[in-house]
Structures are given as structure tokens and as C-alpha cells.
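Observations on the model geometry
Chain by chain, the residues:
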Amino acid sequence: IYVRKREGVLPVVDTLPSLIRGRIVDATGRPIAGATIGIKGGPRLMASSTSGEFSLEDISIPVRLEISSIGYTSTEVLVRSYDPIVITLSIEQSD
């Protein structure tokens, strides 16, 4: 059996959905319970646990997450790997 590389053929990339895990914290590193995490433009939403942790299953990367919590400035994060992430929210400044 001979195996030759074909020119112009892209390698197979694993695009199977998987698990994104993370933690939502404030600027001091304290967990933010009840923060809302969602996929931008999608209907899926979830809340962080009392320890600020969350997990989203069956997600293909890259994906943009939207994170919000009362009293904090909302943010978006582009996730490019399945490594656990820590997202820091800043206290919302009132005018």
C-alpha cells in the first residue's frame, strides 16, 4: 500500500461540538453568581452557579459568548478553544 499526499486537499479538522467551561468573576476574583451566559445571536442562555461556574454543551468553536449580570458591565468573549476560561466583569459605572 502506498500513501501519497494529495495537493490542494485540506486536512480534516475536528468540528464536533463539545463542552465550554468557565467561571465568571469580578475584578477582585470573587465569583459572580447568577451571571447570564449566552451564545451571541442564539436562543441559549444559562446562569452561572453560586461559585460563578458555567458549562455549555454541544458548542462548536469559535463562538462568541455574551455575559451580563446586574450591576456589572456586559461583555462579549470570543472562545477559540475548549480550555476552561475565566471571564472578569467590571462594576457598572453610573452616570
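Residues numbered from 1 in each chain as written. Predicted model: local features only at pLDDT ≥ 70, side-chain atom pairs only at ≥ 80, totals over all residues. Heavy atoms only, no water.

1. Considering the pairing of strand 1 (residues 18–25)
- By the bridge criterion, five bridges tie strand 1 to strand 4 (residues 53–59) in an arrangement that is antiparallel. Bridging across to strand 4, I20 finds its partner in L56.
- Sheet topology note: the strand 1/strand 7 (residues 85–88) ladder contains four bridges and is parallel. In the strand pairing of strand 7, I24 is matched with I87. (Pairing = 2+ DSSP bridges. Helix = DSSP H or I, 4+ residues; strand = E, 2+ residues; numbered from the N terminus.)

2. Considering the nonpolar core
- In terms of nonpolar packing, the biggest core is built from 17 residues, with I24, F54 and L65 touching the most fellow members.
- Those elements that place two or more of their residues in this core are strand 1, strand 2 (36–39), strand 4, strand 5 (63–68) and strand 7.
- With residues near it in sequence (within four places) discarded, F54 still touches I20, R21, G22, R23, I24, I37, M46, S48, L65, I85 and I87. (Core = buried A, V, L, I, M, F, W, Y, C linked by side-chain atoms within 4.5 Å. Buried < 20%, exposed > 50% of the residue type's maximum accessible area, 1.4 Å probe, protein only. Contact = heavy atoms within 4.5 Å.)

3. Quick word on the side chain of S69
- In this fold, S69 is placed in the loop between strand 5 and strand 6 (75–79).
- With relative accessibility at 17%, the residue S69 sits in the buried group.

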